[in-house]
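Topology and contacts: notes
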Amino acid sequence: MKYISTRGSAQALDFEGVTLAGLASDGGLYVPESWPRFTEAEIADMAGLSYVELAVRVMSPFVAGSLTEDELRDLCTRAYGRFSHVAVTPLVQLDQQHQLLELFHGPTLAFKDVALQLLGRLFEHFLQKRDDHLTIVGATSGDTGSAAIDAVAGRERVDIFMLHPRGRVSDVQRRQMTTVRAPNVHNLAIEGSFDDAQAMVKRMFVDQAMTGKYRITAVNSINWARLMAQVVYYFASALQLGAPHRKVAFSVPTGNFGDVFAGYVAAQMGLPVERLIVATNVNDILHRALSTGDYSAGTVTPTAAPSMDIQVSSNFERLLFDLGGRDGAAMAEQMRGFEATKAMQLTNAQREGAAALFSSARVDAEAMARAMSWTYENCGEVLDPHTAIGLHAAREAGVDAAIPVVTLATAHPAKFSDAVERATGVRPALPSRIGDLFERSESFAELPGEYDAVAAYVSQHGTPSA
Ligand SMILES: *Cc1c(COP(=O)(O)O)cnc(C)c1O
C-alpha cells in the first residue's frame, strides 16, 4: 500500500515510511492512495473473530508490503494483551437503540491506548529493522501524554520527552505520566501554560541543530497508524450488532477529528455505516463547519471535557481532501488560506459529501451533565464528560429507531472524577490495576519556560539517530 499527502507534493511512502514520518514533508497528512474495500461476504465472514484476529483482517490491506500477516498478528497480540478486558472494546447496552462502546480498558484509561499501544510496537519493529533510533517530543495537557508514555516505556530505540505545564494538569493525569519509571521516559514540567510548552515542541521540529542529529517525531493523531488502529473497533461493534446485514450509526466525542475519521474510513471499506454523529462541546468549529460550511477558529474555552477543547482539528483536512476529489494542489491552497486567516469556507462538493454521512451537534455543560445523570439513573452506568457529550448528541440525533446507535466511550469516568461527582453524586474509583497511583513515586525534571533549556535537556539525555 502506498500513501500520498493531502497537499500533493510530498513523496509517496509505504506504511513503514508514513509510520515513522508522521507529518508529510509538504505539511500535509498521509492517506492511502485508495481505500481498500471488503465485500459483504468478507465482512460477514469476520463475525465471531477475536479482537486480535479482526484487527489483522481489517489492517492487513493498509500494512501490505511493510509487515507480514504474522508480524502484524504478533504486534496486535502484544498490544491488546495489555488491555484489562478480553473483548478489548466491549459493547454495553443502554436501551433498545443505544449502546456504549467502551474504549477505556487500556493501561491509561482513555481510547488513545487502542492506537498508541500498537504504534509503540510498530516503532520498535521498524527501528530494529533499520537499526535506527527515534526521539518522540510532545506537549500534553491530558490524555495523549500518558498513553504515549505507557506505549513506549522500556522500548528499545525510542526515547520520549513529554512536556507538561507545571501545576496545570490534574493530579491523576500528571501521576499517570510521572510514575512510569523507565530510562527512556523523560517527563519535563515546564514553567508556563500548555501553549508555551506546545510552542517549544513546534520550534524543536524546525530547529536544524536538533533535527540534524535526532530523528524527532510526534505521536499525535496526524500519524496515519493511529487512525488505522481505530478503524478496527468500528468493525468490532458493528459486527456485534448485525453488520453487514444491518446498518449502524455512531456518535463520536470529537476534538482533533481523528476518532471519527476512522469511522469514515470504516465506511469507505464497506462497513454499512448509517451515519457518523460528530459531537463537540462549546468549542464547536466542527459543528459549524458541518452545519454551515464555515470552518473558522475562535479562542479555546476550557470545559469539563478537556480533550475536546480544540479549535483547529488537524484530521479534518483528510476528509476535505477525500471529498474534494483528492486534488492535492487545491487542498494545499485551501489550507494556505486557512493558515493565513484562521478561517475558510467549505466547497460545495465538500459540504455535500460530508452531509451524506455526517451530522453534528454542539453540547453545552448543562446537557452534558443531564446525559450523565440520565444514564446513571436509568442504566446504572457512569459516564465520563466526553462520553456524555457523545451520548447526548446520539439521543438527540433522530436516528431511525430500527438502527442501533453506538456512542464511543472515550475515557474512564475515574479520569474526570470531579465533573462526574458534580453531575451524578458518585465519585468513580480508579480501577484496581492502577488503584495505587497515588502511592507510586514520581520522577520529572523541572525546567524554566525557555526553549534553550528544553533543547539542552533533550541533547543531554537523547540518543542521536543513525
Ligand atoms: C482525544 C480524546 C477525544 C477526541 O478524540 P479526537 O480523535 O481528537 O477527535 C475525545 N475524548 C477523549 C477522552 C480523548 O482523550
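The structure we're discussing is the one just above.
Residues numbered from 1 in each chain as written. Predicted model: local features only at pLDDT ≥ 70, side-chain atom pairs only at ≥ 80, totals over all residues. Heavy atoms only, no water.

Attention shifts here to the overall build of the chain. Scanning the chain from terminus to terminus reveals 19 helices and 16 strands. Its C-alpha atoms give the chain a radius of gyration of 21 Å, near enough to 23 Å, the size a compact globule of 466 residues would have. Taken over the C-alpha atoms alone, the chain extends approximately 60 × 50 × 50 Å along its principal axes. Considering the chain as a whole, with its 466 residues, one finds that 60% of them fall into the buried category. (Helix = DSSP H or I, 4+ residues; strand = E, 2+ residues; numbered from the N terminus. Rg over C-alpha atoms; globule rule 2.2 N^0.38 Å. Buried < 20%, exposed > 50% of the residue type's maximum accessible area, 1.4 Å probe, protein only.)

Turning next to the site of the ligand. Around the ligand lies a shell of 14 residues, among which K112, D143, G255, N256 and T410 are the nearest. D143 is positioned with one of its side-chain polar atoms (N or O) 2.6 Å from an oxygen atom of the ligand. Measuring from an oxygen atom of the ligand, one finds a backbone N or O atom of F257 at 3.1 Å. When isolated, the ligand has an accessible area of 380 Å², and the protein chains bury 96% of it. Grouping the constituent residues of the shell around the ligand by class yields four nonpolar, seven polar and three charged. (Near = heavy atom within 4 Å. Polar contact = N/O pair within 3.5 Å; in protein donor to acceptor, adjacent residues only side chain to side chain. Areas by Shrake-Rupley, 256 points an atom, 1.4 Å probe, with all protein chains shown as cover. Nonpolar A, V, L, I, M, F, W, Y, C, P; charged D, E, K, R; others polar.)

Turning to the packing of helix α3 (residues 51-63) against helix α10 (residues 224-240), a few remarks are in order. Interhelical geometry of α3 versus α10 gives an angle of 135 degrees and a closest axis separation of 9 Å. The pairing of α3 with α10 is recorded here as oblique in orientation. Like other packed secondary-structure pairs, α3 and α10 cross with a definite hand, here right-handed. Contacts between α3 and α10 involve Y51, L54, A55, V58, M59, F62 and V63 from the former and W224, M228, A229, V231, V232, Y233, F235, A236 and L239 from the latter. (Axes fitted to C-alpha atoms, helices over the stretch in contact; angles between N-to-C directions. Parallel < 35°, antiparallel > 145°, perpendicular 65-115°, else oblique. Left-handed = near helix turned anticlockwise from the far one by under 90°. Contact = heavy atoms within 4.5 Å.)

Here the focus is the packing of helix α5 (residues 112-130) against helix α6 (residues 143-152). Two elements in contact, α5 and α6, have axes whose closest approach is 8 Å; the angle formed by their N-to-C orientations is 35 degrees. Crossing angle aside, the handedness with which α5 passes α6 is right-handed. Contacts between α5 and α6 involve K112, D113, L116, Q117 and G120 from the former and D143, T144, A147, A148, D150, A151 and V152 from the latter. Its residues placed into classes, the contact of α5 with α6 shows five nonpolar, three polar and four charged.

Let's shift gears to the sheet that holds strand β2 (residues 13-14). Pairing within the open sheet is antiparallel, and its three strands lie in the order β2-β1-β3. Each having just a single partner strand, β2 and β3 (30-32) make up the two edges of the open sheet. Note: strand β1 (residues 2-5) against β2, two bridges, orientation antiparallel. Following the sheet pairing, Y3 is matched in β2 by L13. (Pairing = 2+ DSSP bridges.)

Let's shift gears to the packing of aromatic side chains. Under the definition given, this model contains 18 aromatic pairs. Between the aromatic rings of F15 and F126, the centroid separation amounts to 6.1 Å while the plane-to-plane angle is 70 degrees, which identifies the pairing as edge-to-face. On the criterion of sequence distance, the pair formed by F15 in helix α1 (residues 15-21) and F126 in helix α5 is long-range, its members being 111 residues apart. The buried category is assigned to F15, whose relative accessible area is 0%. (Phe/Tyr/Trp six-rings, centres within 6.5 Å; stacked < 30°, edge-to-face > 60°.)

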